[in-house]
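Below, each chain spelled out in residue letters.
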Amino acid sequence: MSRPPAILAMEDGTVFPGTSFGAEGEAFGEAVFNTGMAGYQEILTDPSYVGQIVAMTSPHQGNYGVNAEDPESWRIQVAGFAVREAARRASSWRAEGSLADALAEGSVPGIEGIDTRRLTRRLREEGAMRAAISTVDLDPASLVARVQASPLMAGADLAQTVSTPEPYEATSVVGPISDEHPSVYRVAAYDFGMKRNMLRLLAAHGIETTVYPATTPAAEVARGGYDGVFLSNGPGDPAATRYGIAAARELLGKVPIFGICLGSQLLGLALGGHTYKMKFGHRGVNQPVKDLSDDTVQITSHNHGFALDPDGWAKDEGGAALTDFGRVWLSHWNLNDGTLEGFRCADVPAFSVQYHPEAAPGPHDARGLFGEFRELMRTSGAPAAGAI
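Residues numbered from 1 in each chain as written. Predicted model: local features only at pLDDT ≥ 70, side-chain atom pairs only at ≥ 80, totals over all residues. Heavy atoms only, no water.

A few words on helix α3 (residues 116-126). When we look at burial in α3, the residues that qualify are T116, L119, T120 and L123. One face of α3 carries all of its buried residues, which in axial projection span an arc of 100°. Counted as exposed and oriented over 90 degrees from the buried face of α3: R117 and R121. Once α3 finishes, G127 follows within two positions and takes phi at roughly 95°, a positive value. (Buried < 20%, exposed > 50% of the residue type's maximum accessible area, 1.4 Å probe, protein only. Helix = DSSP H or I, 4+ residues; strand = E, 2+ residues; numbered from the N terminus. Arc of directions from axis to C-beta.)

Take a look at the structure:
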């Protein structure tokens, strides 16, 4: 069965002709690339990719199909998907469908047969840019002009578009919490685009989680008497996510806080820092990050196009950032490009990382951070709920 033609057009005028797979139609978004060799289903369903067309650098995608256990959210979240070659047949005992069928069911256009190496080099040299995939408008000049008129990612507040509309208990999604721990800690999680594996790992560490909408006022969370607060990943420009910054700032010093990805950026902004849009961001599963607290290096998974500016704070003689909430140690650094990847507050119970310790399918080097969150609640005097 032949597939219709498609084109991927970028705002700088570059056009990639290819073949449609998945849904027909068109999609607009920011073109980015991911270097992971596996995990396409988790990538497709990660809410942090809302508003983006993801190109995979690994040439073959869809080899092991898709299933109902691996999604990170309830639907495919990417705007579009670009690959060198999509597998015609899934080869795995876990497969319950094909990549093409999943895209079609999610009404998400895909394009294959394009030179993804050239596309990746273009994005590395020129930076992430607006783009479109279309099977409808195959006139390059027309589609490029429409791309140039589409919204920018900078300044976009997208977290509330993917957040839960109502609070819910995590056990309804990931099942019961682990019985390996003698006590349970209760945590309120802000859903800015929550990945399900975050909830799974919180549960695995004996943490009972209630998930709240992104715009929930801090006062409502404070009334719940939680032992800790978790700030999730999510899409969009962190500086535009003002409600998240306000909530984090109000909760700082009152309850232990752990932030991941967008949650880390929001916590940093609440501490008076600044964020900036990276040239092409970090998206992949092989980023080396050094933790200065114990001088170790972890191989980590990333998905972010914004970062905290390490020079956004005044520093004391020891190099600690000076904030309204005391000293902050800039503790985690990317060894590829020197990007700030995480920090720990010295005078209030809070820490965060830019990368993804919950990464599925991996790597798993940083999963101990969930245990660190549990320990932070214990040492901060949080009253665990008692025996399970």
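Don't stop here, the text continues.
On to unusual backbone geometry, then. Backbone geometry follows two general trends: most residues other than glycine have a negative phi, and most peptide bonds adopt the trans configuration. Omega for the bond connecting A360 with P361 falls within 30 degrees of zero, at 15°, which places this linkage in the cis form. With respect to the helices, strands and loops of the structure, P361 is situated in the loop between β20 (350-353) and α11 (368-379). One non-glycine residue, C261, adopts positive backbone phi at about 60°. As for its position among the elements, C261 is in the loop between β14 (257-260) and α10 (262-270). Of note, D295 is a non-glycine position whose phi angle comes to about 60°, a positive value.

Moving on, we come to the packing of aromatic side chains. For the structure on display, the rule yields eight aromatic pairs. Judged by centre distance (5.8 Å) and plane angle (10°), the ring pair of Y190 and F192 falls under stacked. Taken as a pair, Y190 and F192 share a single burial class, namely buried. Members of the aromatic cluster, joined through ring pairs, are F230, F258, F351, F370 and F373. (Phe/Tyr/Trp six-rings, centres within 6.5 Å; stacked < 30°, edge-to-face > 60°.)

Sheet architecture is closed into a barrel: seven strands sit in the order β1-β2-β8-β6-β4-β3-β9, paired in mixed fashion. Within the sheet, the average angular offset between the axes of one strand and its neighbour, ignoring direction, is 35°. Taken strand by strand, α3 contacts β1 (5-10), β2 (15-22), β3 (26-34), β4 (52-56), β6 (80-82) and β9 (129-134), and its axis lies near 80° from that of β3. Packed onto the sheet, helix α4 (residues 140-148) meets β1, β2, β3 and β9 and runs at close to 45° relative to β1. (Pairing = 2+ DSSP bridges. Axes fitted to C-alpha atoms, helices over the stretch in contact; angles between N-to-C directions. Contact = heavy atoms within 4.5 Å.)

Applying the stated rule across the entire model yields 18 salt bridges. K277 is paired through a salt bridge with E30; the nearest N and O atoms lie 2.6 Å apart. Of this pair, K277 sits in strand β15 (residues 275-291) while E30 sits in strand β3, placing them 247 residues apart in sequence. Judged by relative accessible area, E30 falls into the buried class, the value being 8%. A network of salt bridges, in which partner residues are shared, links R3, R88 and E112. (Salt bridge = Lys/Arg side-chain N within 4 Å of Asp/Glu carboxyl O.)

Taking 1.5 Å per residue, 12 residues should reach 16 Å; α11 reaches 16 Å between its end C-alpha atoms and fits that length. Regarding α11, the residues found buried are L369, F370, F373, R374, L376 and M377. Projected down its long axis, α11 shows its buried positions confined to an angular sector of 155°, all on one face. Set apart from the buried face of α11 by more than 90 degrees, the exposed residues are G368 and T379. One or two residues past the end of α11 sits G381, with phi positive at roughly 85°. (Expected span 1.5 Å × (residues − 1).)

It is worth stressing that arrangement in space is one thing and function is another; only the former is reported here.
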